[in-house]
Amino acid sequence: MSVPMSTAPSPSGAGPTDPEPPASPPLWLRLAGLGVACLGALVIAIVGAFLTPYRIGSILVPVSLLIVVGGLTVVTRFAYAVTDKAGLSLIPGVLWLVMSLVLSAPTTEGDVILLQQNWVAVVYTLVGSITLGVLAFRMIVPRR
């Protein structure tokens, strides 16, 4: 024998109460994720800067431009997914910009990593800054 149901089943198939929304991750986990994003931005800045003079034969290959656009996009979107705050998600991009500016300054010995006579280094800095501007615009301005 089957036992009759005490309530009628709902047409949507859900239970009598809606499930609670998932809880947000703890603060330490958000900060750890932001730290990972900042570390990724530093790696992108260093690897991209050292690959600006990359050549095949005598032709400059702008592989660092792909690294900066793709890397900054991934790192910024990861930071936004972890922190869920638009302002905090731009911290890795600002860190990339500061590191790129530091790498373009000469040392006391006269060594420069992002040599400004190299067109790839100039475009690397420009494209990275434009990428940061577009990402900031897309995250700060609300969507319709």
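Placed above this text is the structure.
Residues numbered from 1 in each chain as written. Predicted model: local features only at pLDDT ≥ 70, side-chain atom pairs only at ≥ 80, totals over all residues. Heavy atoms only, no water.

So, on to the overall build of the chain. Counting its secondary structure elements, the chain contains five helices and two strands. In sequence order, the chain lays out its α and β elements as α-β-β-α-α-α-α. Across the 144 residues of the chain, 28% fall into the buried class. In the chain, of all internal contacts separated by at least 6 residues, the share reaching a separation of at least 24 is 71%. Of the roughly 9,900 Å² of accessible surface on the chain, a fraction of 71% belongs to carbon and sulfur atoms. (Helix = DSSP H or I, 4+ residues; strand = E, 2+ residues; numbered from the N terminus. Buried < 20%, exposed > 50% of the residue type's maximum accessible area, 1.4 Å probe, protein only. Contact = heavy atoms within 4.5 Å. Areas by Shrake-Rupley, 256 points an atom, 1.4 Å probe, with all protein chains shown as cover.)

Remark: helix α4 (residues 91-103) packs on helix α5 (residues 119-140), axes separated minimally by 10 Å, with the N-to-C direction vectors making an angle of 160°. When the axes of α4 and α5 are compared, the pair comes out roughly antiparallel. You can see that α4 and α5 cross each other, and the crossing is left-handed. Residues G93, W96, L97 and S100 of α4 lie in contact with α5, whose contacting residues are Y124, T125, G128, S129 and L132. Here the contact of α4 with α5 is composed, by residue class, of four nonpolar, five polar and no charged. (Axes fitted to C-alpha atoms, helices over the stretch in contact; angles between N-to-C directions. Parallel < 35°, antiparallel > 145°, perpendicular 65-115°, else oblique. Left-handed = near helix turned anticlockwise from the far one by under 90°. Nonpolar A, V, L, I, M, F, W, Y, C, P; charged D, E, K, R; others polar.)

Next up on the list: the nonpolar core. Formed by 18 residues in total, the largest nonpolar core has its most connected members in V68, L72, V75, W96, L114 and Y124. Within the residue set of this core, elements represented by two or more residues are α1 (27-50), α2 (63-83), α4 and α5. When residues of this core are assigned to their parent elements, the largest contribution, seven residues, is made by α1. For Y124, the contacting residues outside a window of four places in its chain are I44, A45, G48, A49, T52, S64, L65, V68, W96, S100 and L114. (Core = buried A, V, L, I, M, F, W, Y, C linked by side-chain atoms within 4.5 Å.)

Positive phi, close to 60°, is recorded for D84, a residue that is not glycine. Of note, D84 is situated in the loop between α2 and α3 (86-89). For D84, a relative accessible area of 52% gives the class exposed.

Take α4 next. With 13 residues, α4 extends 18 Å from end C-alpha to end C-alpha; this agrees with the ideal 18 Å at 1.5 Å per step. Residues of α4 that are buried: P92, G93, W96, S100 and L103. In a view along the axis of α4, the buried residues occupy a sector of 100°, so they form one face of it. In α4, those exposed residues whose orientation departs by more than 90 degrees from the buried face are V94 and V102. Close packing links the buried residues of α4 with α1, α2, α3 and α5. (Expected span 1.5 Å × (residues − 1). Arc of directions from axis to C-beta.)

Here A32 shows up in helix α1. Sequence spacing of A32 and V82 is 50 residues, and the spatial spacing of their C-alpha atoms is 9.0 Å.

The tally for this structure, following the rule as stated, stands at one aromatic pair. Ring centres 5.7 Å apart and planes at 65° place the aromatic pair W96 and Y124 in the edge-to-face group. Of this pair, W96 sits in helix α4 while Y124 sits in helix α5, and the two are 28 residues apart along the sequence. The same class applies to W96 as to Y124, namely buried. (Phe/Tyr/Trp six-rings, centres within 6.5 Å; stacked < 30°, edge-to-face > 60°.)

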